Amino acid sequence: MSFINRIIPAAAMALVFTTSCNNATTPEESGFDYTVDRFADIEVLRYQVPGFEQLSLDQKKLIYHLTEAAITGRDILWDQNCRYNLPIRQMLEAVYTSYDGDRDDSQFKAFEKYLKQVEFANGIHHHYSMDKFTPEFTQEFLAAEVDKLPADVQPSDREMLFKVIFDPSFMAKRVNQAEGADLVATSACNFYEGVTQQEVEDYYAAVKDTTDLTPISYGLNSRLVKGADGKIAEDTYKIGGRYSAAIEKIVGHLNEAAKYAENETQRKTIDKLIEYYTTGDLKTFDEYSINWVGDTASQVDFINGFIESYGDPLGMRGSWESIVNFKNQEASHRTEVISDNAQWFENNSPIDPRFRKPEVKGVSAKVITAAILAGDAYPATPIGINLPNANWIRAAHGSKSVTIENITDAYDKAAHGNGFNEEFVIDQPTRELMDKYLFITDNLHTDLHECLGHGSGQLLPGVDPDALKAHGSTLEEARADLFALYYLADPKLIELGLLDSSDAYKAEYYKYMLNGLMTQLMRIEPGKDVEEAHMRNRKLIAEWAFEHGKDANVVEMITRDGKTFIQINDYEALRGLFGQLLSEIQRIKSEGDYTAGRDLVEKYAVKVDPQLHKEVLDRYAALDIAPYKGFVNPVYTPVTGSDGEITDITVSYSEDYLPQVLRYSKEYSTLVK
Ligand code: ZN
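Calculation criteria
Residues numbered from 1 in each chain as written. Predicted model: local features only at pLDDT ≥ 70, side-chain atom pairs only at ≥ 80, totals over all residues. Heavy atoms only, no water. Helix = DSSP H or I, 4+ residues; strand = E, 2+ residues; numbered from the N terminus. Rg over C-alpha atoms; globule rule 2.2 N^0.38 Å. Buried < 20%, exposed > 50% of the residue type's maximum accessible area, 1.4 Å probe, protein only. Contact = heavy atoms within 4.5 Å. Areas by Shrake-Rupley, 256 points an atom, 1.4 Å probe, with all protein chains shown as cover. Lys, Arg positive; Asp, Glu negative; His and termini not counted. Charge placed at Lys NZ, Arg CZ, Asp CG, Glu CD. Disulfide = S-S within 2.5 Å. Arc of directions from axis to C-beta. Donors = N, O, S within 2.8 Å, 3.2 Å for Na, K, Ca; no water. Pairing = 2+ DSSP bridges. Core = buried A, V, L, I, M, F, W, Y, C linked by side-chain atoms within 4.5 Å. Axes fitted to C-alpha atoms, helices over the stretch in contact; angles between N-to-C directions. Parallel < 35°, antiparallel > 145°, perpendicular 65-115°, else oblique. Left-handed = near helix turned anticlockwise from the far one by under 90°. Nonpolar A, V, L, I, M, F, W, Y, C, P; charged D, E, K, R; others polar. pLDDT = per-residue confidence, 0-100.

Draft legend 1. Examining the overall build of the protein chain more closely. The number of helices and strands found in the protein chain is 25 helices and 16 strands. A compact globule built from 673 residues would reach a C-alpha radius of gyration of about 26 Å, and the protein chain, at 26 Å, matches this within 12%. Sorting the 673 residues of the protein chain into buried and exposed places 58% on the buried side. Put simply, of all contacts in the protein chain between residues at least 6 apart along the chain, 74% involve residues at least 24 apart. For the protein chain, the computed accessible surface area is about 27300 Å², with 49% contributed by carbon and sulfur atoms. Charged side chains in the protein chain number 68 positive and 106 negative. The centres of these two groups are separated by 2 Å.

See below:
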């Protein structure tokens, strides 16, 4: 299971505090209302699709049909997440829409909150923690309301649905990862039927060909079921198989979309996807993926299918998702400039020349504008994606790495004014610096990290790539981050036209130190260590630079009115420290120096100062920022001429959260009666 393929927002995006510098209007000035809804631990936002109007009519039609194909897959994910999700959704929505009592009644309010949570999670389990939601209304309230429903919408298995909703120990977790338990039996997701974890493992041990250098993604598009005869078999998601009703409709929209493909490669990609949905053959899925990764010429692009396997405790089966997008030409220019100059960056890197790559290839990465989010990418969505997942395809054919900039932009605008800056950033000039430059430096940091950082440097001959063992991913992330931090302050970026001020990098440096030393601790429970690799890497870099700059007073932690603040006294010296640490971590990687790597991680990246931790948690809690965010989609409407031909597609942003999900249930239900 590869968690690297989804870039999720750092610290629930509370750390993005700025408005864009190339588009310096604040949300208030722009008149665009980013905030849609707020309930439980969730904030729902909306995003804009800049550039859609300027696309050609054929591109708009292509996007329109692909967005229809995207929304149409919604019920598949609901059923994959838990077998009772769809009947529960039907029952809840029927009660909600027909309710004629007092809508301010506390029982109804609690019911509405629960409905919003379930809609957001595509089921009864929290999208992130995987824990089942706890209803705050009574069983009696729901029973009385269900009684009032017309007979033909009464659920047939009401007793079971009530047990699923109200019994806290029944189907308590969607994906259980706790070591020791039978992960299949203790997970409520709907990928297995009647089989134990051992039986699943035995089944795949028997069918897998371990000598195959181009293996299919076993189990990706099926449910594993033990039949009445005791035989275990895959129930494949395909036309004529499981989810056929939904997949037939998706294919119908894909056929429409194929008419407007931008070129032959894209047409072939869509055709391969249709073939895969028709046959369920995972070899065809690989052919599709290879085709897809090779299509770099099209402006419009999309994902549609069973992709990520985080929803399966055994990490094999893909949850259905779709994102339709088009390339942001202007912003992609940024990543192209960086890739084109990859060798210059490598040659000037502050590391031992023996560890530099003589010939470096920049990874092709692009910046995209999302047009629709669907399935497992809706309403909560990643901000970047790196696909395909199959390792051999990545090695032989490459991968596509994308940053979804209209989503990061919406996060950014919505976070403006949430009080985070005012609470944690030391003074007004620093806040202004961040307001002015952080949007661009954040994006450049990601570009440098992804396009160049990970690909830079080389191992000495004979060094085992896995020599750093469990600390490998933390040190690898640190290496890529340090590469990005070091170059953000380089005059080369101004020369290349990527930055327009020699002060811009300071915004990123301040944010990085503040986050690494303090604010990322808000994601850690009291008493716990830092565990996640990206968080460890940020802590390692910030703590190391803080300590090694102590004598020269480069960075200080000062206390004001009982609150701790980070003060950076010498930004240039801080850059020097980042370069020094980059050099050392590159040496550790190139030589495979496990002991030195482990010592760095253990000394700087893991242990939390309990007093500072408590302070950060208290200050953050007082801000009341929703830890999780998601998005409603825009609405696309075809405009038809007198002869019925589509003459344009318009986009509107006025739909609210509950109306949207209720409309999706009404118009795009494929697997419920
Ligand atoms: Zn990385």
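Draft legend 2. Spatial organisation of unusual backbone geometry. Of the consecutive residues Tyr378 and Pro379, the connecting peptide bond is found in the cis state with omega at -10°. When you line up the elements, Pro379 lands in the loop between β9 (365-375) and β10 (384-387). Positive phi, close to 55°, is recorded for Met171, a residue that is not glycine. Mapped onto the secondary structure, Met171 falls in the loop between α7 (158-166) and β4 (192-193). One non-glycine residue with positive phi stands out, namely Asp624, at about 55°. Judged by relative accessible area, which is 57%, Asp624 ranks as exposed.

Draft legend 3. Seen up close, helix α15 (residues 405-415). Of all 11 residues in α15, 11 are buried; the element is thus mostly enclosed. Two residues or fewer past α15, Gly417 is found with a positive phi of approximately 85°.

Draft legend 4. Region of interest: the state of the cysteines. What the rule picks out here adds up to 0 disulfides. No disulfide involves Cys189; its sulfur sits 8.7 Å from that of Cys82, the nearest cysteine. What makes Cys189 buried here is its relative accessible area of 6%.

Draft legend 5. Seen up close, helix α23 (residues 594-604). Taken together, the buried positions of α23 are Gly597, Leu600, Val601 and Tyr604. Across the axial projection of α23, the buried residues extend over an arc of 100°, all falling on one side. Turning to α23, the residues buried within the fold contact α18 (472-488), α21 (533-548) and α22 (571-591).

Draft legend 6. Seen up close, the coordination of the zinc ion. Protein-derived ligands of the zinc ion are His449 (NE2), His454 (NE2) and Glu477 (OE), with the metal-ligand distances lying across 2.1 to 2.2 Å. In primary-sequence terms, the residues that donate to the zinc ion follow H-x4-H-x22-E. Here His454 falls in the partly exposed class, since its relative accessible area comes to 27%.

Draft legend 7. Spatial organisation of the sheet that holds β4. Strand order in the open sheet formed by 3 strands is β4-β5-β6, with mixed pairing between adjacent strands. The open sheet has two edge strands with one neighbour each: β4 and β6 (232-236). In this sheet, β6 lies alongside strand β5 (residues 222-226) in antiparallel orientation, the contact comprising 5 bridges. Within β6, the position partnered with Val225 by the bridge is Ala233.

Draft legend 8. Structural context of the nonpolar core. Ranked by size, the top nonpolar core spans 124 residues in total, and within it Leu142 and Leu254 carry the most contacts. Sorting elements by how many residues they give to this core places helix α5 (residues 106-121) first, with 8 residues.

Draft legend 9. View of the packing of helix α9 (residues 244-258) against helix α10 (residues 264-279). Where α9 contacts α10, the two axes come as close as 10 Å, and the packing angle between them is 165°. Comparing their axes, α10 and α9 come out roughly antiparallel. Two packed elements cross with a definite hand, and for α9 against α10 that hand is left-handed. Contacts between α9 and α10 involve Ile247, Ile250, Val251, Leu254, Asn255, Ala257 and Ala258 from the first element and Arg267, Ile270, Asp271, Leu273, Ile274 and Tyr277 from the second. Tallied by class, residues from the contact of α9 with α10 come to 10 nonpolar, 1 polar and 2 charged.

Draft legend 10. Looking closely at the confidence of the model for the protein chain. Per-residue pLDDT for the protein chain has a mean of 92; in total, 95% of the residues score no lower than 70. Low pLDDT, under 50, characterises residues 10-28; the stretch is placed with 56 contacts to residues that sit more than four places away or in other chains.

Draft legend 11. Quick peek at the packing of α22 against α23. Following both chains from N to C, one finds α22 and α23 inclined at 135°, their axes separated by 8 Å at the closest point. Comparing their axes, α23 and α22 come out oblique. From α22, Leu581, Glu584, Ile585, Arg587 and Ile588 reach across to α23, where they touch Ala596, Gly597 and Leu600.

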